[in-house]
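This is what each chain is made of:
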Amino acid sequence: MSEEAAAIGVNPYGYFDEAAREYVITRPDTPTPWINYIGEGRYGGIVSNTGGGYSFDRDPRNRRVTRYRYNAIPADQPGRYVYLRDQETGEYWSPTWQPVRRDLDAYECRHGTAYTRIASTYRGIEAEITYFVPPSPADEPVPCELWILRVRNTGTAPRRLRAFSYAEFSFFDAHNDMVNLDWAQHIVFSSCEDDVIRVRTKFNPLVYFFGSSESPVGYTCDREDFVGRSRDLSDPIVVETGEPSNAPSPRGNSVGSLTHEMDLAPGEERRMVYVMGATERPAEIARTVARFKNPAEVDAALAGLREDWDAYLSRFTVETPDADTNAMLNFWNPVQCRTTLYWSRFVSGYETGMGRGMGTRDSGQDTLGTMHTVPDHARRMLTRIWEMQFTDGHTWHQFFPLTGEGGPGLAAEYPEWPQWFSDDHLWLVIAVCAYLRETGDFAYLDQRLPFVDGGEETVWVHILRAVEFTLANLGPHGLPRSGFSDWNDTLNVDHGSGKAESVWTGTQFCRAMLDLADICRHADRKSEALAGIEAEAAARFVRLHAEMAAAINGCAWDGAWYARSFDDEGLPIGVSGAAHHAIDLIPQSWSVIGEVATRERGEQAMRSADEKLNTKFGLALLWPPYDGFDPRICGTSTFVPGAKENGGIFCHSNPWSMVAAAMLGWGDEAYRYYRQILPLARTDSDVYKVEPYVYPQNICGPAHPSFGMARNAWLTGAAAWTCVAATQWILGIRPTFEGLRVAPAMPLHWPGFKAHREFRGTAYEISVSREGQGNGVSLMVDGVAVPGDTVPLPTPGTAVVRVEVVLR
């Protein structure tokens, strides 16, 4: 493939290199920092296209390694920096552009799978830094990251350089590092021992360290010594003079700055590796640094990282007529899905890693985008979240991964209101059902797990408790009470009267009931918890679905769409004639997903949403937006019109419309909604601003002056749900208990597509072609015609199944 053919999503700042599977950034001055994640869910961090970002070990609040200053001037600092200084002229620069911001002769950043490589040229010196975390077992005693620095003299004369590293260490408690300076500044100290900088306290065994593959000629441990008075990171005194302090830091702000000499003949290249990490076993630090003095170990670690990601990405691949779709589904969407599975909404360029923790609802949904690629990891995550459930069935809204501490999230700010969310526990039910469809692992239902408030039960009982919590908290219309909120955290209508209800949670409950009924029909004594009661349980869940659907249709249908909620006085929200919030997006899509609406009503609701909420950048969440604070709504109305949940394009909700459209057989509409929020299709980066290779949380809506501008990229439920919408509904390849179903709702202009899908140990090679204008399926499996649209489960041990589908 030519370089031109490999460039996808070209914009003024970069493009996706499909052949290399890297996003290439060609200018350092991107509208916002365009970041990547390094690490695989334990030690790791974020790194921007100019080296900004920070590191942490498993938990960015409780084991922060290095600092980062959010929403600061200058932006995107500090980070992982190397300064190069010409010892003959005294001139210095940063290969990453930041923090010196010298005009470089050439610059390029490549974000790949959990690694980032930044290369530049300045006055005859080529420099390149590659950042990554070596793969390691979960019990690795000395987790670390590597910075591989390569420097080459491209000129005709010898060059004498000095390299200065810079990493600014945090007190491990990131919150106290920010707010309790009187304490934190007097407990952290550092020194350089055996060419390795060590950062520690007197009361905790945790040690941070910074070493290198070559012996330094000097070091600086203290930030004030490094920067100097009345200076900043763009002109630090140590780099300007070329002389390190060679002194420890007895208090204050510790840094990892090692100084190295580089004498380069014309054409000569030097490679050096920096090693930074965290451990409670300081005796192991020397071994770890020594290991990565061996170039073969470094190369093997990077190769191992890429091999792991290659295996992950190989489990589902597609070849469609749309190059952007191929690039997203084969690479960036699954990369983002795995990242959200690691970090939920905890730590990003917008989330500081201190207050929010991992979301139970968020992580439950994140498993949906990785169930087909890493089902074992998805199961571990679901298990962890079930342990956040109370015996009455509700769950903590969030938890911290290192301590296991849970909490009610935003609800804690309003203790007089309900301290639970009406949807959290139901997402876990839906996610477990998805796990069982993917794996057939019914034994998971028998695993015993604890409750937050004592005792333990099987996963099946945890599920039943979740169902009972919803049933125990119904309002006057028979709909679920809203709790502090439902999926929309800012729709705070339940102030304690017992009258506030969520129509949307009712539709979610309906979907969960149908999924549970499906489980029961297929359990067939595969689970001890269900043995002998499968039919009875299935009938109960079908009945609960019918009762809730009847309640919704009886009170929430507004003539052309469904209402959103009922407020604390029992008055409807999201109905025609209202000055604000006359229609809301998600009850329309979920009336179809939850199989609540009749065909006629479902189509009408979706048409209304398309007519009143759709824009060229995606579907807005509601219309018209609030224009001033409304005490019955609270959070949503605090935003300016068109921002976030107040009439903004909340990307997480858009794939639900894709799914609903596909369920209705509207392939063109499902694909249109998909393309509208596809990041690689947004080549207007000076409007869009955020990374054009991953989904953002939100895009400013049509009522906002910055219509089309996105924010909060990377950690969003849009990643998992768009993956589900595209692969399982537009392409139509979805797991069932009977086998792999292939029922596409693809756009009419597509002649077909090909896909590779691994399912329960078998590789499915799928070819779809169109011979008509409908979605009727003719199915051939290994050359034999099969009725319906589901490929039966093959004989155990079957390596490959070949599937041909014709749409007529």
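Small disclaimer: the values here were computed from a predicted structure and weren't measured.

Definitions and limits used
Residues numbered from 1 in each chain as written. Predicted model: local features only at pLDDT ≥ 70, side-chain atom pairs only at ≥ 80, totals over all residues. Heavy atoms only, no water. Helix = DSSP H or I, 4+ residues; strand = E, 2+ residues; numbered from the N terminus. Rg over C-alpha atoms; globule rule 2.2 N^0.38 Å. Buried < 20%, exposed > 50% of the residue type's maximum accessible area, 1.4 Å probe, protein only. Contact = heavy atoms within 4.5 Å. Areas by Shrake-Rupley, 256 points an atom, 1.4 Å probe, with all protein chains shown as cover. Lys, Arg positive; Asp, Glu negative; His and termini not counted. Charge placed at Lys NZ, Arg CZ, Asp CG, Glu CD. Core = buried A, V, L, I, M, F, W, Y, C linked by side-chain atoms within 4.5 Å. Phe/Tyr/Trp six-rings, centres within 6.5 Å; stacked < 30°, edge-to-face > 60°. Lys NZ or Arg CZ within 6 Å of the ring centre and 35° of its normal. Salt bridge = Lys/Arg side-chain N within 4 Å of Asp/Glu carboxyl O. Disulfide = S-S within 2.5 Å. Pairing = 2+ DSSP bridges. Expected span 1.5 Å × (residues − 1). Axes fitted to C-alpha atoms, helices over the stretch in contact; angles between N-to-C directions. Parallel < 35°, antiparallel > 145°, perpendicular 65-115°, else oblique. Left-handed = near helix turned anticlockwise from the far one by under 90°.

Student: Just checking my understanding: could you explain the overall build of the chain for this structure?
Tutor: Secondary structure summary: the chain contains 20 helices and 43 strands in total. Radius of gyration (C-alpha) of the chain: 27 Å, near the 28 Å computed for a compact globule of 808 residues. Judged by the C-alpha coordinates and their principal axes, the chain covers about 80 × 60 × 55 Å. By residue count, 62% of the 808 residues in the chain fall in the buried class. Once local pairs closer than 6 in sequence are excluded, the contacts in the chain between residues at least 24 apart make up 67%. Summed over all atoms, the accessible surface of the chain reaches about 27,500 Å², with 50% contributed by carbon and sulfur. Positive and negative side-chain charges of the chain, numbering 75 and 104 respectively, have mean locations separated by a distance of 1 Å.

Student: Please explain the nonpolar core as it appears in this structure.
Tutor: It is characteristic of soluble globular proteins that their nonpolar side chains tend to be buried jointly. Counting 226 residues, the largest nonpolar core has Trp332, Leu445, Leu516, Tyr674 and Trp714 as the members making the most contacts within it. Ignoring any residue separated from it by four or fewer positions in sequence, one finds Leu516 in contact with Val429, Cys433, Trp460, Ile463, Val467 and Phe541. Ranked by size, the runner-up nonpolar core spans twelve residues in total, among them Phe226, Leu233, Val239 and Val255.

Student: Can you walk me through the packing of aromatic side chains in this structure?
Tutor: Applying the stated criterion across every chain, the model contains 54 aromatic pairs. With 6.1 Å between their ring centres and 40° between their planes, Trp417 and Phe484 make a pair best called tilted. Here Phe484 lies in the loop between helix 12 (459-472) and strand 26 (501-502) and Trp417 lies in the loop between strand 23 (406-407) and helix 11 (424-439), a separation of 67 residues in the sequence. Side by side, Trp417 and Phe484 carry an identical accessibility label, which is buried. Among the aromatic residues, those joined into a ring-pair cluster are Tyr13, Phe16, Tyr23, Trp34, Tyr37, Phe331, Trp332, Tyr693 and Trp714. Here the basic side chain of Arg338 rests over the ring of Trp309, its NZ or CZ set 4.5 Å away from the ring centre. The lysine or arginine in question, Arg734, covers the ring of Trp729, its NZ or CZ lying 3.8 Å from the ring centre.

Student: Could you clarify how one ought to interpret the pattern of salt bridges in this entry?
Tutor: Side chains carrying opposite charge are able to pair once their charged atoms draw close together. Applying the stated criterion to the full structure yields 62 salt bridges. In this structure, Arg564 engages Asp584 in a salt bridge whose closest nitrogen and oxygen atoms are separated by 3.4 Å. Highlighted residues: Arg564 in the loop between helix 14 (534-555) and strand 27 (565-566) and Asp584 in strand 29 (residues 583-584), separated in sequence by 20 residues. Just as Arg564 is buried, Asp584 falls in that class too.

Student: Looking at this model, I keep getting lost on the state of the cysteines. Mind explaining?
Tutor: Here a disulfide denotes a covalent bond joining the sulfur atom of one cysteine to the sulfur atom of another. Evaluation of the coordinates by the stated rule reveals zero disulfides. With no disulfide of its own, Cys192 has Cys221 as its nearest cysteine by sulfur position, at a separation of 5.7 Å. We classify Cys221 as buried; its relative accessible area is 0%.

Student: Just to check I follow, could you spell out the environment of Asp182 for this structure?
Tutor: Considering the arrangement of structural elements, one finds Asp182 in helix 3 (residues 181-184). Along the primary structure Asp182 and Gly252 are separated by 70 residues, whereas in three dimensions their C-alpha atoms are 9.8 Å apart.

Student: Where do I start with unusual backbone geometry in this structure?
Tutor: One can expect most non-glycine residues to show negative phi and most peptide bonds to be in trans. Residues Ile73 and Pro74 are joined by a peptide bond in cis, for which omega reads -5°. Counting through the fold element by element, Pro74 comes out in the loop between strand 6 (53-57) and strand 7 (81-86). A cis amide bond links Trp623 to the next residue, Pro624, at an omega of -15°. Mapped onto the secondary structure, Pro624 falls in the loop between strand 32 (622-623) and strand 33 (649-650). At Asp194, a residue that is not glycine, the phi angle is positive and equals roughly 55°.

Student: Is there a simple way to explain the side chain of Ser685 in this structure?
Tutor: Topologically, Ser685 is positioned in helix 19 (residues 685-688). With residues up to four places along the chain from it excluded, the contact list for Ser685 reads Asn11, Tyr13, Pro31, Trp34 and Pro692.

Student: Help me understand the sheet that holds strand 22 (residues 398-399) in this model?
Tutor: Strands belonging to one sheet form pairs held by backbone hydrogen bonds; the direction of such a pair is parallel or antiparallel. Within the open sheet, the three strands sit side by side as 21-22-23. Their pairing is antiparallel. If you trace the sheet from one side to the other, it starts and ends with strand 21 (358-359) and strand 23, each paired once. As paired strands, strand 21 and strand 22 are joined by two bridges and run antiparallel to one another. The residue of strand 22 that forms the bridge with Gly359 is Gln398.

Student: Quick question: what am I supposed to make of the pairing of strand 17 (residues 218-222) here?
Tutor: Counting buried positions over the five residues of strand 17 gives five, a clear majority of the element. Sheet topology note: the strand 17/strand 18 (residues 254-264) ladder contains four bridges and is antiparallel. Bridged to Thr220 within strand 18 is Ser257.

Student: What exactly am I supposed to notice about helix 18 (residues 667-676) here?
Tutor: Every buried residue of helix 18 is listed here: Gly667, Ala670, Tyr671, Tyr673, Tyr674 and Gln676. Against the buried residues of helix 18 lie helix 8 (323-343), helix 16 (599-613), strand 30 (614-615), strand 31 (618-619), helix 17 (654-663) and helix 20 (717-730).

Student: In this structure, what is going on with the pairing of strand 40 (residues 777-781)? I would like to understand it.
Tutor: Consecutive side chains of a regular strand alternate in pointing toward one face of the sheet and then the other. Pairing of strand 40 with strand 43 (residues 800-807), which is carried by five bridges, proceeds in the antiparallel orientation. The residue bridging Leu779 from the neighbouring strand is Val805, located in strand 43. Adjacent in sequence and paired antiparallel, strand 40 and strand 41 (residues 784-786) are bridged by two residues, among which Asp782 carries a positive phi angle near 50°.

Student: Would you mind going over helix 10 (residues 375-386) with me for this structure?
Tutor: Taking 1.5 Å per residue, twelve residues should reach 16 Å; helix 10 reaches 16 Å between its end C-alpha atoms and fits that length. Every buried residue of helix 10 is listed here: His377, Ala378, Met381, Leu382, Thr383, Ile385 and Trp386.

Student: How should the packing of helix 17 against helix 20 be read in this particular structure?
Tutor: Geometrically, a packed helix pair is captured by the angle between its two axes and the distance between the axes. Viewed as axis vectors pointing N to C, helix 17 and helix 20 meet at an angle of 20°, and their least axial separation amounts to 8 Å. The orientation of helix 17 with respect to helix 20, classified from their angle, is roughly parallel. Helix-helix and strand crossings are classified by hand; for helix 17 and helix 20 the assignment is left-handed. Contacts from Pro655, Trp656, Met658, Val659, Ala662 and Met663 in helix 17 reach Trp721, Thr722, Ala725 and Trp729 in helix 20.

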